[in-house]
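# Summary of structural features
Residues per chain are reported as follows:
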Amino acid sequence: MTARLDHRNPLVFDTHELGRRPGALQRLTRTVDAPKDFGIQGVIGVPEGAPVELELRLESVMEGVLVTGTGRAQAEGECVRCLEPLQLDVEADFQEMFSYPDADDRGRHHHGAEPGDDAEDDEDRLFLEDGLFDLESVLRDAVVLALPMQPVCQEDCPGLCAECGARLADDPDHHHDAVDIRWAALQGLAGSLEDGEKDEMSGAEPGVDEKQEK
Ligand SMILES: [Zn+2]
Ligand SMILES: [Zn+2]
């Protein structure tokens, strides 16, 4: 179903050192370049090629290798309220079992990665290939899960002015006069029509009763 794993791919890991001895442990760290599409499309994500720091713990168990780890990277996106670019440190934890291709079901549940995780379907199982495993999909899922669906530049970002689009965080005192400029223009026009040609310079004073509730 997939091409053979390439041990030169930085997201492919080798478990040979564990030697298929249940209980054997190996810890390792590695910094890799983020692959493509590492985030939530169009919302926020880790740019392709940006560093992702990985900390992994490989544990040999009966049916395979249990991989527990954390990925750290910096995601980029834009604030959903004010549309300013933002950066966000993301820390994604994951745990996944990579089974030996010849593992039978007998040993499967003896070392459940997560107790009660019986929903694991066979087609979702990941396998070791020649002692190698590919972390990319596991890491991607974890990163996506760790990212906010609605990123904001700050928790209380006030967003944009509904009338003129100004970024309110830059200008806390921002406001518009109670009478909308378009409304004022209409009133001015109405006033000059009523007044006829005489004395346009005095300007029409907006009638108070014409003012709309905001
Ligand atoms: Zn914002
Ligand atoms: Zn405004």
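Residues numbered from 1 in each chain as written. Chains lettered and ligands numbered in written order. Predicted model: local features only at pLDDT ≥ 70, side-chain atom pairs only at ≥ 80, totals over all residues. Heavy atoms only, no water.

## Observations concerning the coordination of the zinc ion (ligand 2)
What counts is decided by this rule: The donor definition counts N, O and S atoms within 2.8 Å of each metal and applies 3.2 Å to Na, K and Ca; water is not among these atoms, so some sites may look incomplete. Just to be clear on the cut-offs, tetrahedral is four donors with all angles between 85 and 135 degrees, square planar is four donors and octahedral six with opposite donors over 155 degrees apart and all others between 65 and 115, and anything else goes down as irregular. A run of DSSP states H or I qualifies as a helix once it reaches four residues; a run of E qualifies as a strand once it reaches two. Both are numbered from the N-terminal end. Exposed residues in this analysis have more than 50% of their type's maximum accessible area, buried residues have under 20%, and partly exposed residues fall in between, with area computed by a 1.4 Å probe over protein chains only.
Protein coordination at the zinc ion (ligand 2): the donors are Cys 161 (SG), Cys 164 (SG), His 174 (NE2) and His 176 (NE2), at 2.0 to 2.3 Å from the metal. What the four donor atoms of the zinc ion (ligand 2) show is an angle range of 102 to 116° at the metal, which sorts the shape as tetrahedral. Sequence spacing among the residues donating to the zinc ion (ligand 2) works out to C-x2-C-x9-H-x1-H. Placement of Cys 164 in the loop between helix H1 (136-146) and helix H2 (181-195) and of His 176 in the loop between H1 and H2 is noted, with a sequence separation of 12 residues between them. The partly exposed category is assigned to Cys 164, whose relative accessible area is 43%. Accessibility expressed as a relative area gives 33% for His 176, which makes it partly exposed.

## A short note on the coordination of the zinc ion (ligand 1)
Surrounding the zinc ion (ligand 1) are the protein donor atoms Cys 79 (SG), Cys 82 (SG), Cys 153 (SG) and Cys 157 (SG), which sit 2.3 Å from the metal. Coordination at the zinc ion (ligand 1) is tetrahedral, judged from the four donor atoms that bind it and the angles of 104 to 117° they form at the metal. Positions of the donor residues of the zinc ion (ligand 1) along the chain correspond to the pattern C-x2-C-x70-C-x3-C. Taking relative accessible area as the criterion, Cys 153 reaches 28% and is therefore assigned partly exposed. With relative accessibility at 5%, the residue Cys 157 sits in the buried group.

## Overview of the nonpolar core
What counts, and what does not: We call a set of buried residues a nonpolar core when its members are Ala, Val, Leu, Ile, Met, Phe, Trp, Tyr or Cys and they connect through side-chain atoms within 4.5 Å of each other. The contact definition used throughout considers only heavy atoms, calling two residues in contact when any of these lie within 4.5 Å.
Judged by nonpolar contacts, the single largest core of 37 residues is most densely connected at Val 46, Val 52, Val 67, Leu 135 and Leu 139. Broken down by secondary-structure element, the contributors of at least two residues to this core are strand E2 (25-33), strand E3 (38-40), strand E4 (44-46), strand E5 (51-61), strand E6 (64-78), strand E7 (85-99) and H1. The element best represented in this core is E7, accounting for five residues. Non-local contacts of Leu 135, meaning those with residues more than four positions away in its chain, are made with Leu 11, Phe 13, Leu 54, Leu 56, Val 67 and Phe 94.

## A look at the confidence of the model for the protein chain
Here is the rule we go by: In predicted models, pLDDT denotes the confidence assigned by the predictor to each residue on a 0 to 100 scale.
Residues of the protein chain with pLDDT of at least 70 account for 71%, and the chain-wide mean is 83. Long-range and interchain partners of residues 107-113, a stretch whose pLDDT sits below 50, account for 12 contacts in this model, where long-range means more than four residues apart. In this model, residues 200-204 is a region of pLDDT below 50 whose contacts with residues beyond four sequence positions or in other chains number three contacts.

## Digging into the pattern of salt bridges
Filter applied, for reference: By definition here, a salt bridge exists when the distance from a side-chain nitrogen of Lys or Arg to a carboxyl oxygen of Asp or Glu is within 4 Å.
Applying the stated criterion across every chain, the model contains eight salt bridges. Note that Glu 59 and Arg 57 form a salt bridge whose closest N and O atoms lie 3.3 Å from each other. A residue is classified by how much of its surface remains accessible, and Glu 59, at 22% relative accessible area, is partly exposed. The closest approach of N and O atoms between Arg 167 and Asp 170, which form a salt bridge, is 2.7 Å. On the accessibility criterion, Arg 167 (19% relative accessible area) is buried. Each of Glu 55, Arg 72 and Glu 91 takes part in salt bridges that share partners, so that together they form one network.

## Concerning the environment of Asp 6
How we decide: Within 3.5 Å is the distance limit for a polar contact, defined as a pair of N or O atoms, with the added protein rule that one can donate a hydrogen and the other accept it, and that residues adjacent in sequence qualify only through two side-chain atoms.
Relative to the helices and strands, Asp 6 resides in the segment before strand E1 (12-14). Under the relative-accessibility criterion, Asp 6 is labelled partly exposed at 30%. A distance of 2.8 Å separates a polar side-chain atom of Asp 6 from the backbone nitrogen of Arg 8.

## Quick word on the packing of aromatic side chains
For clarity, the threshold we go by: Pairs were defined over the aromatic rings of Phe, Tyr and Trp, the Trp ring being its six-membered one, requiring ring centres within 6.5 Å. Orientation was assigned from the angle between planes: stacked under 30 degrees, edge-to-face over 60, tilted for the rest.
Under the counting rule described, the total for this entry stands at two aromatic pairs. With a centroid separation of 5.5 Å and 20° between ring planes, the pair formed by Phe 13 and Phe 133 is classed as stacked. With Phe 13 in strand E1 and Phe 133 in strand E9 (residues 132-134), this pair connects stretches of sequence that are 120 residues apart. Comparing Phe 13 with Phe 133 shows no difference in burial state: the two are buried.

## Brief notes about the environment of Gly 165
By the secondary structure assignment, Gly 165 is in the loop between H1 and H2. Gly 165 sits in the partly exposed class, given a relative accessible area of 39%. As a C-alpha pair, Gly 165 and Cys 82 span 83 residues in sequence and 8.9 Å in three-dimensional space.

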